[in-house]
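# Report on the structure
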Amino acid sequence: MKALLHAINSEVLKLKRTLTFWLILAVPGVVVAMQFSSALARTRPFHPEPDPWQWVTQGVFFIWCLLALPLLVTLETALLSATEHAGQQWKHLFTLPVPRWTIYSAKLVVALGLIGLSSLMLWLLLLLDGRILTWLRPEMGLVGLPWLPILRQVALIFLAAWLIIAIHTWIGLRWPSFAVASGVGIGATIAGLILGISSGASTAVPWTNFYPWLQPVLILARDRQPLPTTLGFSIVGAIIVGIVGCWEVTRRDVL
Amino acid sequence: MQELAIETSDLTRHFGRVVAVNQLSLHVPTGSIYGFLGPNGAGKTTTIRMLLGLIRPSDGIVCLLGAPLTRTNRSQLAHVGALVETPSLYPHLTGYENLQVTQRLLDSPHAQIQRALEIVQLAGDAQRCIRQYSLGMRQRLGLALALLREPSLLILDEPSNGLDPAGIRDMRALIQRLATTLHITVFLSSHLLSEVEQIATHVGIINHGQLLFEGTLPDLRQHQTDCVCVVVDQPQVALGILTEAGWQAEITSDIAYGHNVVHVTLHEPAVVAAINALLVQHGLAVYELRREQPSLEDIFLQLTGDHSPERNAA
């Protein structure tokens, strides 16, 4: 376990002066900014909502789960892997007297950490968004600062994304090409978008509930799948993909 | 201390139907600078990757520092430093940070970084980004990465590749210093034969995946007899006279002289005077008589069977 901590420590240093930190700030920033500008630009009167905060968060969460989060995962894991492929680091890393699984696992932990940090950014920016709208558009009727329910929702979405983080970490580390990593991510996200938009609770084909890139959005559509099923599928799936990916990548010959 | 730093037994690696390395048995003595020579595609890099556990052998055994290297037992790698082809560096980090990445992984003391930087003489440039490093500096930083573990064995794959003459000289001096002052066994692959000749105590020559020779440099030299280079006004006549007298002679072109010279195989030093006397007696003007020891490159080319016209002309 100590070796894993050293490997994570080493991974964190590699993030210096890379796009990865900017992305975890920029992507939630863009999503919240879209919602903010839409609320600000709205000319139609606001009708009294039973929960105005839900009106603020719902649109943000929908874009985040269906589009922004899968694309963020794709980019972050591809960038994390590219740092090793670009300089052919494997031929150095795998000659070090440290267990190879720690190097793979550290990558996965850092990828999870970065997406977790980005989710926290989304939470903070949503609160800031709501607070500013309270001042600028008082007619919206935003009252209080429901930080806990929003944090809970953000955390559940993050947990539901574990499986795609594990899948993309494996793809990124397995194939040296950035095009493969980003191509799979973009393709799978678009497919998830189509499946997510086209099928409501009543029309959904059962297997789509087990489409990995759709798991975060199922947190919002609990009528389609119970919460424990979504979380269980994502977390257990992530552990299995993590173990299989680690076994496969660390056993490969470094040619 | 074990006698052999590296020992392989019948090391073999197939890539599909291609046999990249075929029953290779290496014996690298502790404390030596071992030059591992071979033309491009001979199997040097595949061998090195097997020595470091990066590629699994199809057959055979690798022993490093007295212990067999397996998937489950890689503990001896703690005492082995390696530089495989180009150095593995993160261009967005500084020289110091690049070493720190490995130092954190190994959980070794911070002082090791400064020590390694000083050995490769990069302490003054440690805070610069790798993007600003020259190829020679990158190569030296790659060596510093290998030295971070305080190794007793260094495995270097073509460390002078791509360097300019000054960079090659610096790298050679550095490797020699590591071997003499830090008592590190160096296993060095190269196709720059003149490089290895200047620093190696032992050599192994590989071609088509098979070991053709292994031993010390004097052992290797015994593989070829010396010869005399004769510069005369009429090389064709001289060739006839010398061949008739029973010497083994041939005419080769010599760029330095701008015309052909006669090479005579030498079996004993005294014949130099006899050759001169014979040619003068026949009225030939002898401009130069030069005894030549074949270079390691000549022997290497002979062993690897490379008799391409370009090489022979050179």
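Residues numbered from 1 in each chain as written. Chains lettered and ligands numbered in written order. Predicted model: local features only at pLDDT ≥ 70, side-chain atom pairs only at ≥ 80, totals over all residues. Heavy atoms only, no water.

### A few points about the packing of aromatic side chains
- With the rule as written, the count across this model stands at eight aromatic pairs over all chains.
- Both rings, one in Trp90(A) and one in Phe94(A), keep their centres 5.3 Å apart while their planes meet at 45 degrees; by these two values the pair is tilted.
- When the centroid spacing of 5.1 Å and the interplanar angle of 35 degrees are considered together, the rings of Phe36(B) and Phe187(B) count as tilted. Pair noted here: Phe36(B) is in strand 4 (residues 33-37) and Phe187(B) is in strand 9 (residues 185-190), with a separation of 151 residues, a long-range link. Comparing Phe36(B) with Phe187(B), the two get one shared label, buried.
- Grouped by ring-pair contacts, the aromatic residues Tyr34(B), Phe36(B) and Phe187(B) constitute a single cluster. (Phe/Tyr/Trp six-rings, centres within 6.5 Å; stacked < 30°, edge-to-face > 60°. Helix = DSSP H or I, 4+ residues; strand = E, 2+ residues; numbered from the N terminus. Buried < 20%, exposed > 50% of the residue type's maximum accessible area, 1.4 Å probe, protein only.)

### Some details on the pairing of strand 1 (residues 4-15) of chain B
All names here are of chain B.
- With three bridges joining them, strand 1 and strand 3 (residues 27-29) adopt antiparallel strand pairing. Its bridge partner being in strand 3, Glu7 is matched across the sheet by His27.
- Bridge analysis of strand 1 against strand 2 (residues 18-24) gives four bridges, and the strand direction is antiparallel. Across the sheet, His14 pairs through a bridge with Val19, a residue of strand 2.
- If you look at the hairpin formed by strand 1 and strand 2, you'll find two residues sitting between the two strands, and Gly16 has a positive phi there, around 65 degrees. (Pairing = 2+ DSSP bridges.)

### A closer look at the confidence of the model for chain B
All names here are of chain B.
- Residues of chain B with pLDDT of at least 70 account for 91%, and the chain-wide mean is 87.
- Strand 3 holds the highest mean pLDDT among the elements of chain B, 97, whereas helix 11 (residues 309-313) holds the lowest, 39.
- Across residues 307-314, confidence stays below pLDDT 50; counting only partners more than four residues off in sequence or on other chains, it has eight contacts. (pLDDT = per-residue confidence, 0-100. Contact = heavy atoms within 4.5 Å.)

### Overview of the environment of Thr229(A)
- By secondary structure assignment, the location of Thr229(A) is in helix 10 (residues 227-251).
- Given a relative accessible area of 32%, Thr229(A) falls into the partly exposed group.

### Remarks on the interface of chain A and chain B
- With 31 residues of chain A in contact, the opposing surface of chain B contributes 31 residues.
- Contact between chain A and chain B buries roughly 3,100 Å² in total, counting both sides, with carbon and sulfur atoms accounting for 51%.
- A per-residue breakdown of the area chain A buries against chain B is headed by Leu13(A), Lys91(A) and Thr95(A), which together make up 21% of the total.
- Counting every contact that joins chain A to chain B gives five salt bridges.
- For the salt bridge of Asp253(A) with Arg13(B), the shortest nitrogen-to-oxygen distance reads 2.8 Å.
- Contributions of two or more residues to the side of chain A that touches chain B are made by helix 1 (2-14), helix 3 (52-86), helix 4 (90-93), helix 5 (100-136) and helix 10 of chain A.
- The leading source of residues in the side of chain A that touches chain B is helix 1 of chain A, at six residues.
- Among the residues forming the side of chain A that touches chain B, the class breakdown is 11 nonpolar, 11 polar and nine charged. (Buried area = accessible area lost by both parts, 1.4 Å probe. Salt bridge = Lys/Arg side-chain N within 4 Å of Asp/Glu carboxyl O. Nonpolar A, V, L, I, M, F, W, Y, C, P; charged D, E, K, R; others polar.)

### Focus: the nonpolar core
- Of all hydrophobic cores here, the largest spans 107 residues; its most connected members are Trp64(A), Ile165(A), Leu52(B), Ile155(B) and Phe187(B).
- Here this core takes 14 residues from helix 5 of chain A, the largest share from any one element.
- Apart from residues no more than four positions distant in its own chain, Ile155(B) is found in contact with Ile6(B), Ile48(B), Leu51(B), Leu52(B), Val80(B), Gly81(B), Ala82(B), Leu83(B) and Phe187(B).
- Listed in part, the 46 residues of the second largest apolar core include Leu83(B), Ile119(B), Ala144(B) and Ile199(B). (Core = buried A, V, L, I, M, F, W, Y, C linked by side-chain atoms within 4.5 Å.)

### Some words on helix 4 (residues 135-147) of chain B
Residues and elements named next belong to chain B.
- The end-to-end C-alpha distance of helix 4, which contains 13 residues, comes to 18 Å, matching closely the 18 Å that a straight helix rising 1.5 Å per residue would cover.
- Counting buried positions along helix 4 gives 10 out of 13 residues, so the element sits mostly inside the fold.
- Every buried residue of helix 4 is listed here: Met137, Gln139, Arg140, Leu141, Gly142, Leu143, Ala144, Leu145, Ala146 and Leu147. (Expected span 1.5 Å × (residues − 1).)

### Quick look at the pattern of salt bridges
- Under the counting rule described, the total for this entry stands at 18 salt bridges over all chains.
- A salt bridge links Glu248(A) to Arg252(A); its shortest N-O distance comes to 3.4 Å.
- Residue classification places Arg252(A) among the partly exposed positions, given a relative accessible area of 34%.
- Here Glu85(B) makes a salt bridge to Arg49(B), at a shortest N to O gap of 3.0 Å.

### Some words on the packing of helix 6 (residues 147-160) of chain A against helix 10 of chain A
All names here are of chain A.
- Closest axis-to-axis distance for the helix 6/helix 10 pair is 8 Å, and the angle between their directions is 45 degrees. For the element pair helix 6 / helix 10, the angle class is oblique. Residues Arg152, Leu156, Leu159 and Ala160 of helix 6 form the contact with helix 10, whose participating residues are Leu227, Thr230, Leu231, Ser234 and Ile235.
- Looking at side-chain class alone, the contact of helix 6 with helix 10 contains six nonpolar, two polar and one charged residues. (Axes fitted to C-alpha atoms, helices over the stretch in contact; angles between N-to-C directions. Parallel < 35°, antiparallel > 145°, perpendicular 65-115°, else oblique.)

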